[in-house]
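# Coordinate inspection notes
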Amino acid sequence: MLDVEFAPLAGHPAALADHAHDAARGAAALDDARASLRQVLAALAGQRGTAVTSAAARLTGLDERLATCVVVLDAAASTLRRHAAALGDAQADANRAIADRAAALARESQCEIEADEARRSTWNVAALGSAAPGGLGTAGFGTAGVGPTGFDDAATAHLRLLAAERRLTEARADVAAAEVRWRAARDAKAEASRQAATGLGSFADVRAVRVAAAAGTTGEQYEASAAEGRRAAALLRPAATADRPGERRASRADVRALLASHHDDPAFWAAFWDRATPESLYLALGPDPADPGRVLDAGVRAALADGVAQWVQTATPAERRDFGRAVVEDLGDGTLGLTARSEAAAALLSAPLPEEVVAGAGDALDERWAAHDGDEIDLGVIAPLVVTVLAGYARHPRLAFDRLAPAGAPRVPDVTRRWFGTLPHGGWPDGGSAVADAFATAVGVGTSSPSRGDQRRAALLVSHATTAMPSGLLAGPGLSDAASARIARAYEPYVPSMGDATLAQSLNRQCDGDPAEPPPVPGVDEGVRLAPNVRLVPAAVQPTIDAFALRDVIAATSRTPEAADVWLGTTDRYADEVLTVATSGAYDIDTNPRSELVKAALSDIGAVAGAMQSETISTAESRAAARENSVTVAGIGSGIATIGRKAAVSIAETAESNAWAFLDTRAPVAEANTRVGATEDALYDQYAPAMFEGVVAHDLTLGRTQGEALTRNGNLSPGDGLHRQAFSSTFDDLSRAPEDEVDCAE
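Residues numbered from 1 in each chain as written. Predicted model: local features only at pLDDT ≥ 70, side-chain atom pairs only at ≥ 80, totals over all residues. Heavy atoms only, no water.

### Some details on the overall build of the protein chain
Worth spelling out the cut-off: Helix numbering and strand numbering both begin at the N terminus, where a helix is a DSSP run of H or I of at least 4 residues and a strand a DSSP run of E of at least 2. When a residue's accessible area, from a 1.4 Å probe over protein chains only, is under 20% of the maximum for its type it is buried; when over 50% it is exposed; and in between it is partly exposed. In this analysis, two residues are considered to be in contact whenever any of their non-hydrogen atoms come within 4.5 Å of each other. To measure how exposed things are, a 1.4 Å probe is used in the Shrake-Rupley method; for residues, cover is taken only from the protein chains shown.
A tally of helices and strands in the protein chain yields 27 helices and 2 strands. A total of 746 residues make up the protein chain; the buried ones form 48% of that total. Long-range pairs, those at least 24 residues apart, make up 78% of the contacts in the protein chain between residues at least 6 apart in sequence. About 34,400 Å² of surface is accessible on the protein chain, with carbon and sulfur atoms providing 55% of the total.

Structure, rendered in structure tokens:
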């Protein structure tokens with residue numbers, strides 16, 4: 001409502017007070033209704049049944065909505081009461097200013113009349129004085145004060161004029177002062193109206209109000225928090241761009257303090273992100289010479305994470321997706337400060353967030369990757385953010401599946417090259433755990449799905465990732481045991497393919513005049529059976545696997561005892577599953593399929609076990625080469641190679657027991673082969689007897705005598721040459737060092 005200058009201010013404080021009273025009464029009535037509602041909910045708490053559960057859910061939802069309404073009405077009442085009082089004060093001030101102005105204007109008018117009269121008196125005295133005989137002036141009329149005509153003399157007339165003009169000036173000053181006071185009252189009314197509108201507008205975000213109400217926030221608390229959020233957002237600009245270093249430093253300190261003190265306040269963050277952007281936050285918290293030594297400390301990181309977690313509860317799905325994109329896009333391409341911006345971005349996305357946020361960030365990361373042409377340096381700088389996004393994928397299995405195993409087969413090579421075939425400069429800061437988690441999660445979705453299409457997508461991902469990981473994710477130092485374990489578990493559904501893949505590419509085939517097959521093209525193989533002449537198929541569609549790339553994957557993820565135990569756990573469970581099938585009753589009459597199943601399982605297990613030993617041979621080969629070089633160059637001495645922990649322990653123990661001949665350059669290889677051979681025997685003895693004993697025990701439950709059970713299953717005996725060959729052939733192939741050649745004379 002517009003105000004007319006120097007007229008009473010528009011508005012009705014009494015009406016506002018009435019509305020405030022009505023709102024307060026409404027809040028109280030709804031609060032009473034909530035109390036009654038909670039009594040009903042308490043009565044239902046001890047009851048069971050679908051109808052009761054449905055009714056309780058509806059009543060709980062109603063209680064939440066009533067709580068939101070109570071907060072809004074209570075806050076509206078408080079705001080309207082404050083505004084009514086402010087409006088009344090402003091109107092009273094304006095009315096006093098209007099009255100004072102009117103009085104001053106009246107005095108101004110009277111003073112103008114008096115001043116005019118004084119001027120005329122002065123003019124008359126001067127005129128009469130100049131016309132008198134002898135130039136006597138007024139003295140020619142007789143007395144010196146007032147002559148017969150009643151005019152003052154010149155001095156008196158001048159004093160009267162000065163007094164009148166002084167009173168006129170004072171009156172005019174009073175008019176101006178009254179006008180200033182009226183305008184101040186008008187401005188105070190406008191500011192109060194703006195504050196009231198802003199306060200009431202804060203409650204337009206129903207989601208934020210609902211979250212705050214659920215947390216027990218009152219209307220006044222909500223309004224105050226929203227005001228602080230707006231203040232924090234307004235401080236971002238001076239924190240980044242103020243000309244005076246002291247002002248930037250003070251603003252940055254205020255921003256950090258506000259973020260930390262309101263980390264769990266939904267009203268604050270709803271108002272903050274309504275005005276702030278990730279970019280403005282990065283600039284305000286980034287490196288600044290005015291604030292040396294200040295970094296994104298743990299407190300601010302936690303506040304940002306908590307704040308986004310609060311905000312997403314109040315945002316729409318579209319707003320969440322846009323926010324995730326902005327977190328990545330606002331990093332920009334400038335290298336100065338990019339590390340700090342990446343760390344801030346990682347903090348923003350570090351809490352468990354809804355899928356839309358992670359999807360938006362993932363979209364932007366894909367676009368950044370394409371724009372930077374897979375730059376490993378850029379990937380290394382923003383690695384903290386990438387790790388956070390991939391961790392978000394792992395929290396949303398279907399999202400991980402759709403992003404890492406996309407339905408369009410042509411897209412899979414690019415995806416696997418990006419995430420699994422590339423290593424950031426300096427390696428992954430978390431030891432590869434986030435990448436491995438996302439990979440395992442995506443594979444798990446596909447293998448556990450009843451859809452063969454989903455299973456094919458997972459198998460295709462594994463097929464491509466197997467060839468990509470050895471030169472990417474697994475190539476760098478510091479791969480964590482957690483990452484190794486996740487990768488091992490991801491491959492568990494595909495153990496049934498590993499023996500066949502190894503045999504197809506076996507270097508031993510050339511000894512039979514049958515050349516080894518080249519590495520297969522990544523894809524899926526839906527023709528895999530658990531064993532030859534057995535119709536059973538694995539639970540999941542199998543990938544085509546490059547056996548020697550698989551060897552590198554297994555070797556890299558089994559370097560420590562803890563990581564190796566996970567791979568052996570997969571083979572343990574696989575052996576148990578095959579034994580369950582073999583003793584299911586389907587093969588109680590014709591036991592030949594039992595033998596085929598066990599033999600195929602031993603072949604698969606041998607491949608895994610052999611791959612776990614390949615680095616022992618490989619490092620021994622490296623050490624032997626170093627020895628040869630030492631002997632050749634220096635004529636004496638032994639070379640030292642950097643070797644993995646497991647290989648180092650293995651070779652060192654062998655060296656202690658056998659005392660390497662000082663100049664025997666092949667001694668490391670011979671001793672490593674001895675060590676691996678002993679491991680092969682031990683692992684075969686771990687699996688083959690257990691499977692044999694399992695089928696014998698099953699036959700005993702059928703009423704067979706021990707002799708009959710042993711005879712029926714004689715071809716499963718651990719001493720059976722075919723079963724030992726099935727295990728050893730794949731073990732030998734994948735335990736070889738990559739550069740080994742086959743000696744067919746062995």
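### What to know about helix H27 (residues 721-735)
The following threshold applies: Helices are assigned an expected span. That span is 1.5 Å times one less than the residue count.
Between the first and last C-alpha of H27 there are 20 Å, a value that for 15 residues agrees with the 21 Å anticipated at 1.5 Å per step. Taken together, the buried positions of H27 are His 723, Ala 726, Phe 727, Ser 728, Ser 729, Thr 730, Phe 731, Asp 733, Leu 734 and Ser 735.

### Some thoughts on the side chain of Thr 502
Note that Thr 502 resides in helix H20 (residues 495-504). A residue is classified by how much of its surface remains accessible, and Thr 502, at 0% relative accessible area, is buried. Leave out the neighbours within four places in its chain, and Thr 502 touches Ala 547, Ala 607, Thr 730, Asp 733 and Leu 734.

### Focus on the nonpolar core
For the record, the criterion: Residues belong to a common nonpolar core when they are buried Ala, Val, Leu, Ile, Met, Phe, Trp, Tyr or Cys residues joined through side-chain atoms within 4.5 Å.
One finds Leu 259, Phe 272, Trp 273, Leu 304, Phe 439, Met 469 and Tyr 491 to be the most contacted residues of the largest nonpolar core, which totals 136 residues. Ranked by residues supplied to this core, first place goes to helix H23 (residues 592-634) with 11 residues. When near neighbours in sequence (up to four residues on either side) are disregarded, Phe 272 contacts Gly 229, Ala 232, Ala 233, Leu 236, Leu 259 and Leu 281. Formed by 8 residues, the second largest nonpolar core is a distinct cluster that contains Phe 6, Ala 94, Trp 182 and Ala 185.

### A look at helix H18 (residues 452-468)
This is how the line gets drawn: Polar contact is defined as a pair of N or O atoms within 3.5 Å, subject to the rule that within protein one atom must be able to donate a hydrogen and the other to accept it, and that residues adjacent in sequence are counted only when both atoms are side-chain atoms.
For H18, built from 17 residues, the straight-helix expectation of 24 Å at 1.5 Å per residue is met to within 8% by its first-to-last C-alpha distance of 24 Å. Burial analysis of H18 places 13 of its 17 residues in the buried class, the great majority of the element. Where H18 begins, one side-chain oxygen reaches toward the backbone nitrogen of Gly 453, 3.2 Å away; that side chain belongs to Ser 451.

### Examining the environment of Gly 523
Mapped onto the elements of the fold, Gly 523 is located in the loop between H20 and strand E1 (524-525). Between the alpha carbons of Gly 523 and Ile 545 there is a distance of 8.2 Å; along the sequence they are 22 residues apart.

### Topic: the packing of aromatic side chains
Each pair of aromatic rings is reported with the distance of its centres and the angle of its planes. Stated formally: Between 30 and 60 degrees the pair is tilted, below 30 it is stacked and above 60 it is edge-to-face, where a pair is any two Phe, Tyr or Trp rings, Trp via its six-membered ring, whose centres lie within 6.5 Å. Charge-over-ring placement is defined geometrically: NZ (Lys) or CZ (Arg) within 6 Å of the ring centre, and within 35 degrees of the ring normal.
Overall, the coordinates contain 12 aromatic pairs when judged by the stated rule. Look at Phe 6 and Trp 182: their rings are 5.4 Å apart centre to centre, the planes differ by 65 degrees, and that puts the pair in the edge-to-face class. Residue Phe 6 is found in the segment before helix H1 (13-44), and its partner Trp 182 is found in helix H3 (residues 154-202); the two are separated by 176 residues along the sequence. Trp 182 matches Phe 6 in its accessibility class, with the two residues each being buried. When the ring centre of Tyr 684 is taken as origin, the NZ or CZ atom of Arg 724, which lies over that ring, is 4.7 Å away.

### Brief notes about the packing of helix H6 (residues 245-261) against helix H8 (residues 278-285)
In plain terms, the rule: With axes taken as lines fitted to C-alpha atoms, and helix axes fitted only over the stretch in contact, angles between N-to-C directions fall between 0 and 180 degrees. Oblique is the label for any angle not under 35 degrees, not over 145, and not in the 65 to 115 range, which are roughly parallel, roughly antiparallel and roughly perpendicular in turn. Only Asp, Glu, Lys and Arg are considered charged in this grouping, and only Ala, Val, Leu, Ile, Met, Phe, Trp, Tyr, Cys and Pro are considered nonpolar; every other residue, Gly among them, is considered polar.
With their axes 10 Å apart at the nearest point, H6 and H8 run at an angle of 120 degrees to one another. As far as their axial angle goes, H8 and H6 are oblique. Only Leu 281, Leu 283, Ala 284 and Leu 285 of H8 make contact with H6, whose side of the interface consists of Arg 252, Val 255, Arg 256 and Leu 259. Residues that form the contact of H6 with H8 fall into these classes: 6 nonpolar, no polar and 2 charged.

### Re the environment of Val 387
Relative to the helices and strands, Val 387 resides in helix H14 (residues 383-395). Classification of Val 387 by relative accessible area gives buried; the value is 13%. If sequence neighbours within four positions are ignored, Val 387 has contacts with Trp 428, Pro 429, Asp 430 and Ala 434.

### Here's the deal with unusual backbone geometry
The phi dihedral of Phe 6 falls on the positive side, at around 65 degrees, and the residue is not glycine. Among the residues examined, Phe 6 registers a relative accessible area of 18% and is labelled buried.

### Thoughts on the pattern of salt bridges
As a working rule, side chains carrying opposite charge can pair if their charged atoms are close by. Note the following rule: Put simply, a salt bridge is a Lys or Arg side-chain nitrogen that is within 4 Å of an Asp or Glu carboxyl oxygen.
One pass over the structure, following the stated rule, counts 40 salt bridges. Of the charged contacts, one joins Asp 288 and Arg 248 as a salt bridge, the two residues approaching to 2.9 Å between their closest N and O atoms. A residue pair is termed long-range when its members are at least 10 positions apart, and Asp 288 in the loop between H8 and helix H9 (298-312) and Arg 248 in helix H6 qualify at 40 residues. Per residue, the accessibility class of Asp 288 equals that of Arg 248, and both read buried. With a closest N to O distance of 3.1 Å, Asp 402 and Arg 457 form a salt bridge. Here Arg 457 lies in helix H18 and Asp 402 lies in helix H15 (residues 397-404), a separation of 55 residues in the sequence. Each of Asp 366, Asp 414, Arg 417 and Arg 418 takes part in a single network of salt bridges with overlapping partners.

### A look at the confidence of the model for the protein chain
Put simply, the rule reads: As a per-residue quantity, pLDDT reports the predictor's confidence and falls between 0 and 100.
Of the residues in the protein chain, 81% have a pLDDT of 70 or more, and the chain-wide mean is 81. Taken together, the stretch residues 130-152 has pLDDT below 50 and engages in 16 contacts with residues farther than four places along the chain or on a different chain. Confidence drops under pLDDT 50 across residues 618-669; counting only partners more than four residues distant or on other chains, this segment forms 77 contacts.

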